[in-house]
Every structure is written in C-alpha cells, then in structure tokens.
Amino acid sequence: MFQKAEEYAGKEKEYHVQSGKHKTGKEGKEEMKIMVSAEELKRAIAKMKPVIPNRAALKFITCVRIEAKQNMVKLIADGIDKIVSIDIFGVIMEEGCADFEYSDLKKIANIKDDVTITTSRNGAAEFRSPKKSYTIPSYDLENDIRHSVILGEHGSTEISADILANLKNLSVMTSKFEKYGIMTCLYFDLEEGNIVALDRHRIGIQKIKAKKAEPFMITNECVPILNSLIGKKPEGNIKVIIDKKYIEFAGEDFCYIQKRTEGNYYKYAKMFKDNYKNSFTVGNKEIAEVSKEYRRIIPATNMKPMIITMNEDSVCTGVHVAGLRTSDYIESACITNQTVKDFYIAVDPQYIIDACNFIGGDLIVYTDSQKNPMTIKNEDGDKICLILPVNFIGDGSPNGLVDYVRQQAG
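This one's a predicted model, so the numbers in the text were calculated from it and none came from an experiment. (Residues numbered from 1 in each chain as written. Predicted model: local features only at pLDDT ≥ 70, side-chain atom pairs only at ≥ 80, totals over all residues. Heavy atoms only, no water.)

Participant: A description of the overall build of the chain should follow, citing residues and the corresponding values.
Facilitator: Of the regular secondary structure elements, the chain holds nine helices and 26 strands. For the chain, buried positions account for 51% of its 410 residues. For the chain, contacts bridging at least 24 residues in sequence account for 69% of all contacts bridging at least 6. Carbon and sulfur atoms provide 46% of the accessible area of the chain, an area that totals close to 21200 Å². (Helix = DSSP H or I, 4+ residues; strand = E, 2+ residues; numbered from the N terminus. Buried < 20%, exposed > 50% of the residue type's maximum accessible area, 1.4 Å probe, protein only. Contact = heavy atoms within 4.5 Å. Areas by Shrake-Rupley, 256 points an atom, 1.4 Å probe, with all protein chains shown as cover.)

Participant: Quick one: what's the story with helix H2 (residues 38–47), residue by residue and with numbers?
Facilitator: Along H2, seven of the 10 residues are buried, which leaves the element largely enclosed by surrounding structure. Taken residue by residue, H2 has Ala38, Glu40, Leu41, Arg43, Ala44, Ile45 and Lys47 as its buried positions.

Participant: Outline empty space enclosed by the protein, supporting the account with residue identities and numerical values.
Facilitator: For the structure shown, the criterion picks out two cavities of 30 Å³ or more. Taken as a whole, the second largest cavity encloses approximately 60 Å³ of empty space. Taken together, Phe280, Val282, Ile287, Ile308, Val315, Ile352, Leu363, Val365, Met374 and Ile376 make up the lining of the second largest cavity. Listing elements by their share of the lining of the second largest cavity, those giving two or more residues are strand S18 (278–282), strand S24 (363–367) and strand S25 (374–377). By residue class, the composition of the lining of the second largest cavity is 10 nonpolar, no polar and no charged. (1 Å grid on protein atoms, 1.4 Å probe; cavity = no way out; pocket = protein on both sides within 12 Å on 5 of 7 lines; lining within 4 Å. Points joined across faces, edges and corners; volume = space filled by probe spheres on them. Nonpolar A, V, L, I, M, F, W, Y, C, P; charged D, E, K, R; others polar.)

Participant: Just give me the short version of the sheet that holds strand S21 (residues 324–330), but keep the residues and values in it.
Facilitator: With antiparallel pairing, the four strands of this open sheet are ordered in space as S21-S20-S19-S23. Each end of this open sheet is capped by a strand with a single partner; those strands are S21 and strand S23 (344–347). Strand-to-strand twist across the sheet, computed as the mean angle between neighbouring axes with direction ignored, equals 20°. Judged from the five bridges that link them, strand S19 (residues 306–311) and strand S20 (residues 314–321) form a sheet pairing that is antiparallel. Looking across to S20, one finds that Asn311 is bridged to Ser314. Sheet strands in contact with helix H7 (residues 284–297) are S19, S20 and S21, and its direction is about 175° off that of S21. (Pairing = 2+ DSSP bridges. Axes fitted to C-alpha atoms, helices over the stretch in contact; angles between N-to-C directions.)

Just geometry here; none of it tells us what the structure is for.
Below you can see the structure in the form of structure tokens.
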C-alpha cells in the first residue's frame, strides 16, 4: 500500500532537513538524498511510459528527472512538445535533482517497502531498500524545456476525469495519418460543450458539462498519456488551463502540459440534422457481434461493406464476399420510424464496431437512405456518432444482396 502523507511527515522530523545547505559534486551539481515509497515510485514511473519514446536523438527526451525541492518529490518527463510531472510523497534529506534513463528506472521493479535514493559525485545513484539495492547511472542534463514554458492563464475550465480517462474509444475516429493534420486531433469545443473527433468517414461527439471557455485541439497521441496519468479509477474533475501556446491538464498529483495544435476546426455541426425518415433501436452486444463476424470474413485487401436493411417490422444485416453470402436477423432491434420503402444502407462493419465501443449501451440509429449518413446516439444523447455510407454494387445490381438479406431473414 502507498505510504500516507502523514506517515512521511512523521519520518521527516527524524532527519531535520536543512533547506539551502546542499552537498555538491562535480561542477557544483547538488547531491540528492530522499526516501519514498517503492510502490508509489513504481506507479509514477509506469505513468511516464506513454510520454517516453523508445528512441530519440536527444537524451533528455528518454530520461525522467527526479526532483526534490521544497518538501516535494516530483518525477518529470520532458518531450519536444509535452511535459509531464507527477508528485509523490517522500522525505527529503538533501534537496537536489537527477536525470535517469527511463529504461534504467524500469529495472527497479523488484524493490519493495521504502526506498532511499542517493546521488553521488561519480554520476551514479543508489536505490536502496531494507532488502535490495540498485546502482544506476544518473545525469545532469541542461536541456529542460520546462524553463522555457511559462503559462499564462488565458482561460480555464474543469472536465470530468472519467471522460478524459476514457477518450480512447472516441479517438479511434481520428485519422492515424499525420498528412491529414487536424483530422488527427480531438477538438474541445467548450463553447458548445463537445469533444469532437473526425476522419474522412465519420464523426464522434462526446458531450461534456464544463464551464464555457476558448476551444482548443490536442493530437490523438495525448489520449494514452491522459489515460495513464488519470488511472483506472478516475474521480472528480481535471482543471484545464488554456494558454495561447500550451494546454495544461492538472490533477491532484500530476500536471500534463501539451503544446497547442493550431488551425481552424471543421464545421462539424453542419453534418447533422434534426429530422430523419428512418430510425430504430438495436442492442449493442448483438449488432457488435454480427459486425465482428463480418469483419473476420471480409479479406483485409478486399474491403466489402455490410448491409443494414429493414424487412417489414425487423432489421436485418448481411454481407457478400467472394461468393459467400450471409445474413442475420437482429432480434434486439425495434423500429421506431420507417418511411422509406425498400430502405437499406451499406457501411464498413469496423465503423459499427467502433460506434458500439464508443456508445457503450444500446444504439439509437437515425438515417434517411443509402446515400445519406447514419447517425447513432446513446439513450442519454451525450454520445453521438455519424457514419458515412459506402457506395455498394453487388451481383450487377445494388439490390442483389439486399434482396437476399430480406428473403433469408424474413
């Protein structure tokens, strides 16, 4: 279990920390000596993983700084366009700082109980617990972008930690290719209360309750970092400070600063409409399982869409690949409105899978015809997904598979 702050406060009295009196090594480098919980140290090191690249030309990008200053122990990772710091409880016997290769810090995983970290003049540091010790190289890196990042609180708001920790299923609706620029970003439209993701084929919207503030964008690479920092049991809100050049996400024990993405976002709201000719509700689990089956049988090099159609009072699906036809009757579906005769729509089954993961519960589907987008919402209406249809031609006629699906499922 993590040591509590009051337990460390009691231990700190035993060491009589003398602020401002530090031992120095080569070139005036401060020697550091601290004691922290091994479990909390390993937790903080693990949270740094999404920030640290496997390889980098500059050493400071692959290093984590441990800093003991003003009765606080921080772990800090510096990137080219991002900074992460995590606070942990500790006893400071000698203030100072040292940089360590992230790959070296991961090797201390077997240390348990309290661990004392001591840096020495020879550029090494000892991590010692009652039963085990490690000695690893330490560095004094001058390149530190924290000193060049001065945030002015241009604006701020608070966003639920639960929403920020679960942006993964929304971020899949952004583009993976950098050449599409803004399509790789999540757009925080704080005027409308939306977090938006889109690529060339779909749009995802997560509605949020937050104080109105200036909109901003972050790349999809930020999502795993936020997920790691917030953890598996998100609670409360995360303060978001909006600077002209940077965005800061501040939790109780962490700070994440990300360079702001510039540019004007798309007018996404124009893609949605208020009235649709057809609508139905379908169980998440059933439509997801059907879509996953279709995705397995469709060759990766020969993408074919799945057909969704209505057969009197039921919803049916099907796919046709290399002579193989299959159809399914969606038992959980309930048609709420149907005005287009012989309606069908062709969509990529992977997009239906992604929509199921994002929506979470049952899907409420709205659409007009095979030429118009499909809009999917959850029951609360705070998660919305729009999917563009696929142009479908099969058996020499667009209705070849559609007729088959209706016949078999009927």
